[in-house]
Amino acid sequence: MHAIALHTSQFGRHLDFLTSMYRLRRRVFKDRLDWSVSVSGDLEIDVYDALSPTYLLVVSEQEEVLGCVRLLPTTGPTMLADTFSNLLGSSGMPRDDLILESSRFCVDTERAIDPGRNGLNRATFVLFAAMIEAMRARGAQSIVTVTDVRMERILRRAGWPLERLSEPQPLGQTIALAGFLHDSDQALETIYRHAGVDGPVLVGVDSERRAA
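Residues numbered from 1 in each chain as written. Predicted model: local features only at pLDDT ≥ 70, side-chain atom pairs only at ≥ 80, totals over all residues. Heavy atoms only, no water.

Draft legend 1. Region of interest: the pattern of salt bridges. Under the defined criterion, the tally for this structure stands at 13 salt bridges. Among the ionic pairs, aspartate 31 bridges to arginine 26, the shortest N-O distance being 3.0 Å. Two residues, arginine 70 and aspartate 46, come together in a salt bridge whose shortest N-O distance is 2.8 Å. Taken together, the positions of arginine 70 in strand S5 (residues 65-73) and aspartate 46 in the loop between strand S3 (43-44) and strand S4 (54-59) put the pair 24 residues apart, joining distant regions of the chain. Taken individually, arginine 70 and aspartate 46 each receive the classification buried, so the pair is uniform in this respect. Connected via shared salt-bridge partners are Arg25, Glu44, Asp46, Asp49, Arg70 and Arg104. (Salt bridge = Lys/Arg side-chain N within 4 Å of Asp/Glu carboxyl O. Helix = DSSP H or I, 4+ residues; strand = E, 2+ residues; numbered from the N terminus. Buried < 20%, exposed > 50% of the residue type's maximum accessible area, 1.4 Å probe, protein only.)

Draft legend 2. Structural detail: the packing of helix H3 (residues 122-137) against helix H4 (residues 149-158). The geometry of H3 relative to H4 is characterised by a closest axis approach of 12 Å and an angle of 80° between their N-to-C directions. Judged by the angle between their axes, H3 and H4 are roughly perpendicular. Mapping the contact onto sequence places Thr124, Phe125 and Phe128 in H3 and Met151, Ile154, Leu155 and Ala158 in H4. (Axes fitted to C-alpha atoms, helices over the stretch in contact; angles between N-to-C directions. Parallel < 35°, antiparallel > 145°, perpendicular 65-115°, else oblique. Contact = heavy atoms within 4.5 Å.)

Draft legend 3. Highlighting helix H1 (residues 15-32). In this model, H1 (18 residues) spans 24 Å end to end at C-alpha, consistent with the 26 Å of a helix rising 1.5 Å per residue. Residues Phe17, Leu18, Met21, Tyr22, Leu24, Arg25, Val28 and Phe29 constitute the buried set of H1. Aspartate 34, located one to two residues past H1, shows a positive phi value of around 55°. (Expected span 1.5 Å × (residues − 1).)

Draft legend 4. Local environment of the pairing of S4. Among the six residues in S4, six count as buried, and that is most of the element. On S4, burial covers both faces: Thr54, Leu56 and Val58 on one face and Tyr55, Leu57 and Val59 on the other are all buried. Pairing geometry for strand S1 (residues 2-6) and S4, over five bridges, is antiparallel. Following the sheet pairing, alanine 3 is matched in S4 by valine 58. The sheet contact formed by S4 and S5 spans six bridges and is antiparallel. Each residue of the ladder has a partner; that of leucine 56, found in S5, is valine 69. Joining the antiparallel neighbours S4 and S5 is a turn of five residues, in which glutamate 63 adopts a positive phi near 65°. (Pairing = 2+ DSSP bridges.)

Draft legend 5. Local environment of the nonpolar core. Ranked by internal contacts, the top residues of the largest apolar core, which has 38 residues, are Leu56, Phe128, Met131, Trp160 and Val201. Counting residues per element, the ones that place at least two in this core are S1, S4, S5, strand S6 (99-107), H3, H4, strand S10 (174-182) and helix H5 (185-195). At eleven residues, the largest contribution of residues to this core is made by H3. Sequence-distant contacts of valine 201, defined by excluding residues within four places in its chain, comprise His2, Ala3, Val126, Ala129, Ala130, Glu133 and Tyr192. Membership of the second largest hydrophobic core comes to 18 residues, among which are Leu24, Val28, Leu57 and Cys68. (Core = buried A, V, L, I, M, F, W, Y, C linked by side-chain atoms within 4.5 Å.)

Draft legend 6. Structural detail: unusual backbone geometry. A positive phi angle, near 55°, is found at serine 52, a position not held by glycine. Note on placement: serine 52 falls in the loop between S3 and S4. The phi dihedral of glutamate 63 is positive, around 65°, even though this residue is not glycine. Exposure remark for glutamate 63: the relative accessible area of 29% places this residue in the partly exposed category.

Draft legend 7. Layout of the pairing of S5. Burial analysis of S5 places eight of its nine residues in the buried class, the great majority of the element. Relative to S6, S5 runs antiparallel, the two being bridged by six bridges. Each residue of the ladder has a partner; that of leucine 71, found in S6, is serine 102.

Draft legend 8. Spotlight on H5. Residues of H5 that are buried: Ala187, Leu188, Thr190, Ile191, Tyr192, His194 and Ala195. Packed against the buried residues of H5 are H3 and H4. Its side-chain oxygen at 3.3 Å from the backbone nitrogen of glutamine 186, serine 184 defines the N-terminal cap of H5. One or two steps after H5, the chain reaches glycine 196, where phi turns positive at roughly 75°. (Polar contact = N/O pair within 3.5 Å; in protein donor to acceptor, adjacent residues only side chain to side chain.)

Remember, this is a structural readout, not a statement about activity or role.
So this is what it looks like as structure tokens:
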């Protein structure tokens, strides 16, 4: 199990990974969580997917997509600012080259059944680690995100606590909140330990496929 980062220039060469990711998002956010999301057939795609995001994917040795998250710069349109601005409370939307937004975080719990050392799914830890590694590769210091109180507890257990922007609020079937996840050597080392890896999890998707 490892993670890959897909950038806009690579989308055309890796449509299989992208399609698997959109299908996973459909299964999680529409079929399982019953969120009000945009679907097209068996895919979940929204307007933020048209803004040249970076996708982080957790991939099995059989090249199955086990988890994903989307990253966007906060200097442009973001889900927090333009869809969930009510979760900002009295805080303004952070807009800075040093801050990214993450969204659409999910793990395929039916396929990713390998437990980590803290009782959580190992793919979850690999995806957390990939987020910190990708943040550092972009020269960013923090990620801002919309999540729910269940994921807030998971982040705390993983050793990467969320810094709340405001108090949680009801949102559909869940209790949602916005907050920061900061770059941290301590958090990354803890996540590596829980994931059962010695170091970086992100690999180059093109070089990895050539090696295969």
